[in-house]
Amino acid sequence: MIHFRRILAIIVVVLPTADIQSADPAPPLNAIRNVSREGAGNEAAAAAVRTLSSAPAADLPKILAAFKDASPLTANYLRNVVEAIADRHATDGTIPVGQLETFILERSNDPRGRRLAFEVLSKADATAIDRLIPGMLLDPSPEFRRDAVQRLISEAKSLSKDSGKQAAAVYRRALAG
């Protein structure tokens, strides 16, 4: 398995950097989704990773949506693709921040895809964390709930000793999450 991951990492790093503006991401996404635990379809999936890693940043929401019902192996391939695209577009201003935020806020999306979208978004938009995490106290994703609870605990700790009742109220909100 470690050998496979090294090969996959090399494939992703040595990819061409040209955008494939008009290519439909559905066929390569299907190739990635069809890889089996036993390894059948790995060659097609590796080719799909190369293709998708050259996709424009605008395709990130479609790729993130493919996390829904994805096996751990498929999710690993998809994570590599998303990270390659995000890294390539990190400084050119083409990360679709609005679409990623919408994807994150749609609670029916896969938690792994939502979290990865959040990681990409928070790198592209430093205000995203402060804007999104406070509203995730009752989110179905444990990671987002943990972030929201931790934020409230930190807030309660920062309150002065004179604000005991206020701190207690903040702690109660955190415990409700």
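All figures in this text were calculated on a predicted structure; none of them were measured in a lab. (Residues numbered from 1 in each chain as written. Predicted model: local features only at pLDDT ≥ 70, side-chain atom pairs only at ≥ 80, totals over all residues. Heavy atoms only, no water.)

Q: What am I meant to see in the confidence of the model for the protein here?
A: The predicted structure's coordinates, where accompanied by low pLDDT, should not be read in detail. Across the protein, the average pLDDT comes to 87, with 88% of residues at or above 70. Confidence drops under a pLDDT of 50 for residues 3-22, and excluding neighbours within four residues, the segment shows 29 contacts in the predicted structure. (pLDDT = per-residue confidence, 0-100. Contact = heavy atoms within 4.5 Å.)

Q: Hey, could you run me through the nonpolar core in this one?
A: The nonpolar side chains of soluble globular proteins are, as a tendency, buried together. Ranked by size, the top nonpolar core spans 45 residues in total, and within it Ile32, Leu60, Ile63, Leu64, Leu78, Leu100 and Ile104 carry the most contacts. Examining the composition of this core, we find that eight residues originate from one element, helix 5 (residues 72-88), more than from any other. Each residue touching isoleucine 63, except ones within four places of it in the same chain, is listed here: Leu29, Leu52, Leu78, Val81, Val82 and Ile85. (Core = buried A, V, L, I, M, F, W, Y, C linked by side-chain atoms within 4.5 Å. Buried < 20%, exposed > 50% of the residue type's maximum accessible area, 1.4 Å probe, protein only. Helix = DSSP H or I, 4+ residues; strand = E, 2+ residues; numbered from the N terminus.)

Q: I tried to follow the packing of helix 9 (residues 142-158) against helix 10 (residues 164-176) on my own but got confused; where do I start?
A: Packing of helix 9 against helix 10 brings their axes to within 9 Å, and their N-to-C directions diverge by 170°. As far as their axial angle goes, helix 10 and helix 9 are roughly antiparallel. Side by side, helix 9 and helix 10 meet where Val149, Leu152, Ile153, Glu155, Ala156 and Lys157 of the first sit next to Ala167, Val170, Tyr171, Arg173 and Ala174 of the second. Grouping the constituent residues of the contact of helix 9 with helix 10 by class yields eight nonpolar, no polar and three charged. (Axes fitted to C-alpha atoms, helices over the stretch in contact; angles between N-to-C directions. Parallel < 35°, antiparallel > 145°, perpendicular 65-115°, else oblique. Nonpolar A, V, L, I, M, F, W, Y, C, P; charged D, E, K, R; others polar.)

Q: Please clarify how helix 9 should be interpreted in this entry.
A: Side chains three or four residues apart in an α-helix point the same way, a direct result of the helix having 3.6 residues per turn. Between the first and last C-alpha of helix 9 there are 24 Å, a value that for 17 residues agrees with the 24 Å anticipated at 1.5 Å per step. Turning to helix 9, its buried residues are Phe144, Ala148, Val149, Leu152 and Ala156. One side of helix 9 carries all its buried residues, which in axial view fall inside an arc of 135°. Turned more than 90 degrees off the buried face of helix 9, the exposed positions are Arg146, Lys157 and Ser158. The secondary structure elements touched by the buried residues of helix 9 are helix 6 (97-105), helix 7 (111-124) and helix 10. (Expected span 1.5 Å × (residues − 1). Arc of directions from axis to C-beta.)

Q: Just checking my understanding: could you explain unusual backbone geometry for this structure?
A: The general pattern is negative phi for most residues beyond glycine and trans for most peptide bonds. Notably, aspartate 69 is not glycine yet its phi reads approximately 60°, a positive angle. Note on placement: aspartate 69 falls in the loop between helix 4 (60-65) and helix 5. The exposed category is assigned to aspartate 69, whose relative accessible area is 71%.

Q: I keep staring at the packing of aromatic side chains and nothing clicks. Help me out?
A: Think of a pair of aromatic rings as described by two things: how far the centres are apart, and how the planes are tilted against each other in angle. Tallied over the entire structure, the rule returns one aromatic pair. For the ring pair phenylalanine 118 and phenylalanine 144, a centre distance of 5.4 Å and an interplane angle of 90° mean the geometry is edge-to-face. Here phenylalanine 118 is found in helix 7, whereas its partner phenylalanine 144 is found in helix 9, with 26 residues between them in sequence. Assessed through its relative accessible area of 0%, phenylalanine 144 is described here as buried. (Phe/Tyr/Trp six-rings, centres within 6.5 Å; stacked < 30°, edge-to-face > 60°.)

Q: Hey, could you run me through the side chain of asparagine 109 in this one?
A: As for its placement among the helices and strands, asparagine 109 is situated in the loop between helix 6 and helix 7. Using a relative accessible area of 17% as the deciding quantity, one classes asparagine 109 as buried.

Q: Would you mind showing me how to read helix 10 here?
A: The end-to-end C-alpha distance of helix 10 is 18 Å, a good match for the 18 Å that 13 residues give at a rise of 1.5 Å each. Of all the positions in helix 10, only Ala167, Val170 and Ala174 are classed as buried. What you see down the axis of helix 10 is that its buried residues fit within an arc of 60°, all on one side. Of the residues in helix 10, the exposed ones pointing more than 90 degrees away from the buried face are Lys165, Arg172, Leu175 and Ala176. On its buried side, helix 10 packs onto helix 9.

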